[in-house]
Amino acid sequence: MIGVGPIAAALLIDPGAHSMFGGASTQASHIEWLYWLIFWICFVVYVLVIAAFTRAGARNYRGDPGMLPVLPKDEAGDRRAGWFVGTAVVVTILTLFFVLVETVITGKKVESATTSKNPVTINVIGHQWWWEVIYPNPQADQTVTTANEIHVPVGKPVVILTNSADVIHSFWPPNINGKRDLLPGYSSAFWFQVDKPGIYRGQCAEFCGLQHAHMGFSIIAESPEQFAQWQQNQVKPAGDPTDPEAQRGKQVFLTHACIMCHTVRGTDAGSRFGPDLTHLASRQMIAAETLPNTRGAVAGWIVDPQRIKPGTQMSPNPLAPDDLQAVITYLQTLQ
Amino acid sequence: MSRCYQFAVLATVALSLSACKRETREFRPVPPAQNVLNTVQVSGLNPGANPVVPPPAPSVYQESAYAVSQGQTLYNQYNCVGCHANGGGGIGPPLMDNNWIYGSEPANVFATIMQGRPNGMPSFRNRIPEYQAWEIVAYVRSLSGLLPKDVAPARSDTMNIKPAPESMPRQTPTGITGATEQSK
Amino acid sequence: MAVSEPIAVAPVGAAERLEQTWRQPPGFWGWFKNTHHTAIGVRFMVTSFIFLILGGILAALMRFQLSRPENNLMGPDFYNQTFSMHGSTMIFLFAVPMMFQGFGVYVVPLMCGARNIAFPRLNAFSFYIYVGGGLLLWIGYLLNTGVDTGWFSYVTLSGPQFSPGKRVDFWAQMITFTEVSALGVAICIATTILRHRAPGMTLNRMPILLWEKLTISMAVIFAMPAVMVVSSMLLMDRTVGTHFFNPAEGGDVLLYQHLFWFFGHPEVYIIFLPGTAIVSTTVAVFARRHIFGYVPIVVSVVATGFLGFSVWVHHMFATGIPQISESFFTAASLMIVVPTAVQFYCWVTTIWRGKLQMKLPMLWIYGFFFVFLIGGLSGVMLASVPVDWQVHDTFFVVAHFHYVLIGGALFPMFAGLYFWIPKMMGRMMDDMLGKVHFWLFFVGFNLTFFTMHFLGLHGMPRRVYTYLPEMHWGTLNALSTSGVALMSLGVIVFIVNFFQSRASGELAGDNPWAAGSLDWATPSPPPSYNFLEPPTVNGREALWEALPNQPIVGGLRDDVREVLITHSLDAEPEYKEEDPGPSIWPFITSIVVGIVFVESIFTPWAIAWGAAPVGAALIAWMWPKGSRPLRRRVEEKWSV
């Protein structure tokens, strides 16, 4: 953290929340420490080398219009200078070796969570352009399936098992850890442990097509009790709404294009193509962290997703206004 | 040399104005103005001797590789594979042969999808948008080689159980619109 | 043929006879028959400069789109095409053709003291096939068929299912065109350096630029086949249904990345090392002394060429490969810093112990020092795996590679242009305009790309067509876009300077910089036969260490195009060979081969049907002339 403050202040730059600095996990802190170590080494090297070049070029015979005569060879002087150059090379090699050693040590520290026995396991499957999130459970009916919003308990190791349904994506929550590519045909284990509760945004970091720019996700770190409560709620299927407008909305949902792509457990809608909407109302944002989960945003998204994310897989749905309002009311009951 | 440059500029402009239809990507397609469903004929019988003339279909779906590729994705997602498999048929009739019961023209296939057909073909009207139905139409026609080779999809990134549509030889359609298609 | 004693002056009337013999045919078709390296070298440079401008326009479009959050200047499809075209144009159509092919083809034979490059018709063919590749890609872009999957086109996004149409196929075939071109030129340059050097130019006396071009030619020969293989595998997956990259049928997505980056990393050294050679050359000239540390620099250049092949996995640190592999590639990536550091220390010592004259090319070299060093050091950060896990695929990487590529190639390129354009066109470039160009470009470049370091550290990923306002990236992006105007203005000033100087610049003379290498031992521009008096060499800086009566090569006929072939190690004359002269067949062959390549995108039958015309064109090209080629051994040894 040495340096962010003064430099950012000097440049009047607001790092924003989605930054690799000021992390909330052990992994991010280790990486940030290593970054600053290498940065200051590089800074010193740069200053020294540029000072040398500036001093070397300071006596500058630019006044002469022609070219000066060629200097005679000075083998002895060159040999003496050779000792300086040789020393500089040796210092360079030692510095680089030091960087290598620190790199390997920090890499091991970042990966050290792999030895823990009882991690929270989460399967993340990348789709164009959203994240399918599954909390597997040996008991099949306790498996949680959701999308784009990942809840984790604070202070406990979490492992993400990656996969992709189509192209290469990359899972990157900068406040928490580096990134891991989601490769079709491969599955890898990505470990982290969050120390501070909060909402940490992440984004896809491997170009995956038209809406790569809008493929975000969030990691919500909460106390273990809140996490357990959230998990239990997510397991429940959607109940029948009591409000007549919501009931009408459910009817619209089941008789229009919605059921072709989405699942709402507890109803007839069971398609796995789009995100699971069973607990849509419990999420902070929709459309892969692009829009807030409010009536207006949801309405705009349903009616014309192509306006907001051109090329996305969801089609426009020109519903009648009453139907649209009813559907939104219904969706808001899906807590 | 200046004449060469003038020619090069003109050629470039001319080429770019006729931008390639194969590469069109429509994200918010405008639905066709004409109501195809009321004008398509699904029986080969009619009074008089007039041949069956299907209404024209929006060409962007037959000529855009992106649209056909979307059709391939939708074919799997909307579970057409459940009855038609990957074109070989099963519960439903095969789609990669040359026999088209209700016609092989795009408008006929569109009507089949939207209206449903006896003995098990569901109606998808109001369940899928019309432009997606047109995309599926284009893909289904590509299964028997009716689309140009550079527009039809190549092999998919899944287990390959059938040849890619772009390598399928053209199966001249028979059926109620066979007479008009055979002359193509 | 006996030579009793060394001669130092050409025979009377030789200039007119040589001009008659070596004259390239005039007229429209004569332009296509030209096989002299100076003409082809200039064509490479002009064409690649045009692609630089086109790529720069694309970059400006990208920056305008990104200057504000949720900007609607262009949609995602057009932006994806634009950034993919920008990268592909800059790397395949500008950087290698300018730094390696352009400078190499023009300067290398002159610096060797030769009358023409080796295999001149292959050289001409390489130019035409490169133009074909550029036309394919750009006409595709104008027809909405521009590649939209990045300049590297990872599978499975670029595979048949997720990239419908022919966009990726055009890109993959462009790679075939440009890599055939690079391979052809590599063969020509390597052979010229090994066999066409002036007598007396032993390996130990070879200019650093020739060492670098030799190393890069070898790197090209080993690296380009990897990308041709991977682009052909991708093409086959897309057109004939192979499963190289289909995970569901036993293919592997990472195979693509390994093969691509096995080429991709040496590629950036193929772009950067020519820059260092220009630096070594000009630093010696403008510090008015021999370069310090000739042997360490040569060893560093060759070592960088080798080590460039050992670091490719550092582009794949985020793919989840085992940590032991990642540590190995961190070590290799840090190790490759050492040769470049050696070069830097030798350069600063040369300047320190010399008398620096800060002429215009030297100003650009200082720009290189300031800019490239930042890029190299940010590369050290990227080599470190945990840091890379955070900044990979962010704008930090974009900042890094623009600092090393623009700093390491573009700044030396401008230095080289201001240095050698007087040789090429016989007139000096204007000094004041050159300085204006430098400062506009230097300030604009830093404004645009330094801010990107912060954007990357603050979490902005690459290849995004827009971003949300809540991310707080708007100010930095706007600042970054503001540099575009300055850089563009700088390049415009350069173009104005070029045309103005061509018309009315100060006459250059043979050696305006009083440099030491053989390319300055002939008039500016060089005559069609390069050297009236083919030189011999007495030291590492030929002109500085020439004896008062330094011998010239005698006995080359002036009624037939003869070139002298010398031994590869000590440059002893071996025999004389006939240069094939102007020919239309390279051009015709390139047309036929181009047609076969383009048609094979649409049908595999093109390869079968095209084999006959290609074979016919090659047969016509290689058809022996009526008389036997003249190749006579030099019987007696020539000694200094």
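Just so it is clear, the model here is predicted, and its values are computed rather than measured. (Residues numbered from 1 in each chain as written. Chains lettered and ligands numbered in written order. Predicted model: local features only at pLDDT ≥ 70, side-chain atom pairs only at ≥ 80, totals over all residues.)

## What to know about the overall build of chain B
The following threshold applies: Elements are defined by DSSP. Helices are runs of H or I of four residues or more, strands are runs of E of two residues or more, and each kind is numbered from the N terminus. Here exposure depends only on C-beta density: within 10 Å of a residue's C-beta, 20 or more other C-beta atoms make it buried, 12 or fewer make it exposed, and intermediate numbers make it partly exposed, the C-beta atoms being placed from the backbone. What counts as a contact is two residues whose backbone-derived C-beta atoms lie within 7 Å of each other.
For chain B, the count of helices and strands is seven helices and two strands. Shown N-terminal to C-terminal, the secondary structure of chain B runs as helices and strands in the order α-α-α-α-β-α-α-β-α. Out of the 184 residues in chain B, the part that is buried amounts to 42%. Within chain B, contacts between residues at least 6 apart in sequence are counted, and of these 70% link residues at least 24 apart.

## Digging into the overall build of chain C
Test applied: Using C-alpha atoms as the atom set, the radius of gyration is obtained and then compared with a globule rule of 2.2 Å times the number of residues to the power 0.38.
Along chain C, the regular secondary structure elements total 18 helices and three strands. Radius of gyration (C-alpha) of chain C: 25 Å, near the 26 Å computed for a compact globule of 640 residues. Every one of the 640 residues in chain C was classed for burial, and the buried ones make up 62%. Sequence separation of 24 or more characterises 82% of the internal contacts of chain C that already satisfy a separation of 6 or more.

## Concerning the sheet that holds strand β4 (residues 149-153) of chain A
Within a sheet, adjacent strands bond to each other through the backbone by hydrogen bonds, running parallel or antiparallel. Residue and element names in this part refer to chain A. Condition: In this description, strands pair whenever DSSP reports at least two bridges between them. Axis angles are defined between N-to-C directions and span 0 to 180 degrees, where every axis is a line fitted to C-alpha atoms and, for a helix, only to the segment in contact.
As summarised here, the arrangement of the five strands in space is β4-β10-β9-β6-β7, forming an open sheet in which the pairing is mixed. The open sheet is flanked by β4 and β7 (180-182), the only strands paired with a single partner. Averaged over all pairs of adjacent strands, the angle between strand axes in this sheet comes to 25°, irrespective of strand direction. With two bridges connecting them, strand β6 (residues 169-172) and strand β9 (residues 198-204) associate as antiparallel partners. Bridge assignment links tryptophan 172 to a residue of β9, and that residue is glutamine 203.

## Re the interface of chain B and chain C
Basically, it comes down to this: All amino acids are sorted into three groups, where Ala, Val, Leu, Ile, Met, Phe, Trp, Tyr, Cys and Pro are nonpolar, Asp, Glu, Lys and Arg are charged, and the leftover types, Gly among them, are polar.
On the chain C side, the residues contacting the 23 residues of chain B number 21 residues. Breaking the side of chain B that touches chain C down by element, the ones donating at least two residues are α1 (2-17) and α3 (65-77) of chain B. If you tally residues by element for the side of chain B that touches chain C, the top one is α3 of chain B, at four residues. Residues belonging to the side of chain B that touches chain C are distributed by class as follows: 10 nonpolar, seven polar and six charged.

## Describing the sheet that holds strand β1 (residues 120-127) of chain A
Residues and elements named next belong to chain A. The sheet built from five strands is open, its strands ordered β3-β2-β1-β5-β8 with mixed pairing. Of all strands in the sheet, those with a lone pairing partner are β3 (144-147) and β8 (189-193), marking the two edges. Taking the axes of each pair of neighbouring strands and ignoring which way they run, one obtains an average angle of 25° across the sheet. Pairing of β1 with strand β5 (residues 157-164) involves seven bridges; the strand directions are parallel. Within β5, the residue paired with glycine 126 across the bridge is serine 164.

## Re the packing of helix α5 (residues 120-142) of chain C against helix α6 (residues 167-195) of chain C
All names here are of chain C. Let me state the cut-off plainly: Roughly parallel covers angles under 35 degrees, roughly antiparallel covers those over 145, roughly perpendicular covers 65 to 115, and oblique covers all other angles. Less than a right angle of anticlockwise turn of the near helix away from the far helix marks a crossing as left-handed, whereas a clockwise turn marks it as right-handed.
Where α5 contacts α6, the two axes come as close as 8 Å, and the packing angle between them is 160°. Taken together, the axes of α5 and α6 are roughly antiparallel relative to one another. Crossing geometry of α5 relative to α6 is assigned as left-handed. Two secondary-structure elements touch here, α5 through Leu122, Asn123, Phe125, Ser126, Ile129, Tyr130, Gly132, Gly133, Leu136, Leu137 and Gly140 and α6 through Phe170, Trp171, Gln173, Met174, Phe177, Thr178, Val180, Ser181, Gly184, Val185, Ile187 and Cys188. For the contact of α5 with α6, the class distribution of residues is 14 nonpolar, nine polar and no charged.

## Structural notes on the pairing of strand β10 (residues 216-222) of chain A
All names here are of chain A. Counting buried positions along β10 gives five out of seven residues, so the element sits mostly inside the fold. Where β4 lies against β10, five bridges are found, and the strand directions are parallel. Looking across to β10, one finds that histidine 151 is bridged to isoleucine 220.

## Quick look at the environment of alanine 542 of chain C
All names here are of chain C. Inspection of the secondary structure puts alanine 542 in the loop between α16 (474-504) and β1 (562-566). Spatially, the C-alpha atoms of alanine 542 and glycine 408 are 27 Å apart, while their sequence positions differ by 134 residues. In this structure alanine 542 touches Gly516, Ser517, Leu518, Pro535 and Val537, once residues within four positions along its chain are discounted.

## Considerations on unusual backbone geometry
In the segment running from glutamine 128 of chain A into tryptophan 129 of chain A, the intervening peptide bond is cis, with an omega of 10°. Locating tryptophan 129 of chain A in the fold gives a position in the loop between β1 and β2 (130-135). Geometrically, the link from serine 524 of chain C to proline 525 of chain C is a cis peptide bond, its omega value of -5° lying close to zero. Counting through the fold element by element, proline 525 of chain C comes out in the loop between α16 and β1. The phi dihedral of alanine 85 of chain B is positive, around 50°, even though this residue is not glycine. Structurally, the position occupied by alanine 85 of chain B is in the loop between α4 (81-84) and β1 (99-100). A positive phi angle is found at asparagine 530 of chain C, which is not glycine, with a value near 65°. Exposure remark for asparagine 530 of chain C: the 25 C-beta atoms within 10 Å place this residue in the buried category.

## Observations concerning the nonpolar core
Note the following rule: We define the nonpolar core as any set of buried residues of the types Ala, Val, Leu, Ile, Met, Phe, Trp, Tyr and Cys, connected via C-beta atoms lying within 7 Å of each other. Either an automatic procedure or a domain database provided the assignment from which the domain bounds are taken.
Residues Phe110 and Val137 of chain B together with Ala95 and Ile270 of chain C are the most contacted members of the largest nonpolar core, which totals 326 residues. Counting residues per element, this core draws most heavily on helix α4 (residues 76-112) of chain C, which supplies 21 residues. For this core, the two domains that each supply at least three residues are domain 1 (4-112) and domain 2 (244-332) of chain A. Excluding anything up to four places from it in sequence, isoleucine 270 of chain C contacts Val96, Phe100, Ile216, Ala219, Val220 and Ala223 of chain C.

## Observations regarding the interface of chain C and chain A
If you look at the interface, chain C gives 77 residues, while chain A gives 76 residues. Residue assignment for the side of chain C that touches chain A shows that the elements contributing at least two residues are α4, α8 (253-286), α10 (323-335), α11 (337-352), α12 (360-383), α13 (385-391) and α15 (431-457) of chain C. In terms of residue class, the side of chain C that touches chain A is made up of 47 nonpolar, 22 polar and eight charged.

## Here we look at the pairing of strand β2 (residues 573-578) of chain C
Residues and elements named next belong to chain C. With five bridges connecting them, β1 and β2 associate as antiparallel partners. Bridge pairing links glutamate 562 to glutamate 578 in β2. Taken together, β1 and the strand that follows it, β2, pair antiparallel across an intervening segment of six residues, in which alanine 571 is found at a positive phi of about 60°.

## Quick look at α4 of chain C
Residues and elements named next belong to chain C. Keep this limit in mind: To estimate the expected span of a helix, subtract one from its residue number and multiply by 1.5 Å. The term bend refers to the angle at a residue between two fitted axes, each drawn through seven residues, those ending there and those starting there.
Between the first and last C-alpha of α4 there are 50 Å, a value that for 37 residues agrees with the 54 Å anticipated at 1.5 Å per step. At proline 97, α4 shows its maximal bend, which comes to roughly 50°. Buried residues dominate α4, accounting for 35 of its 37 residues. Trailing α4 by a residue or two, glycine 113 shows a phi angle of about 80°, which is positive.

## As for α10 of chain C
With 13 residues, α10 of chain C extends 18 Å from end C-alpha to end C-alpha; this agrees with the ideal 18 Å at 1.5 Å per step. On the buried face of α10 of chain C, the contacting elements are α3 (75-110) of chain A together with α11, α12 and α13 of chain C.

## Some remarks on the packing of helix α3 (residues 37-66) of chain C against α16 of chain C
Residue and element names in this part refer to chain C. With their axes 9 Å apart at the nearest point, α3 and α16 run at an angle of 155° to one another. Considering the angle they form, α3 stands roughly antiparallel to α16. Judged by the twist between their axes, the crossing of α3 over α16 is left-handed. Together, Gly56, Ala60, Arg63, Phe64 and Leu66 of α3 and Asn477, Ser480, Thr481, Val484, Ser488 and Val491 of α16 make up the contact between the two elements. For the contact of α3 with α16, the class distribution of residues is five nonpolar, five polar and one charged.

## A short note on the environment of aspartate 579 of chain C
Residues and elements named next belong to chain C. You can see aspartate 579 is positioned in the loop between β2 and α17 (585-602). C-alpha of aspartate 579 to C-alpha of alanine 118: the two residues are 461 residues apart in sequence and 8.3 Å apart in space. In this structure aspartate 579 touches Arg115, Asn116, Pro120, Arg561 and Val563, once residues within four positions along its chain are discounted.

## Brief notes about the environment of threonine 242 of chain C
Along the chain, threonine 242 of chain C turns up in the loop between α7 (208-239) and α8. Excluding residues within four positions of it along the chain, threonine 242 of chain C makes contact with Met236 and Asp237 of chain C.

## Some thoughts on the confidence of the model for chain C
Residue and element names in this part refer to chain C. For the record, the criterion: pLDDT is a per-residue confidence score from the predictor, ranging from 0 to 100.
Per-residue pLDDT for chain C averages 94, and the proportion of residues at 70 or more is 97%. Note that residues 635-640 has pLDDT below 50 and, in this model, seven contacts with residues that lie over four places away or in other chains. What the predictor reports for the complex is a pTM of 0.94 with an ipTM of 0.94.

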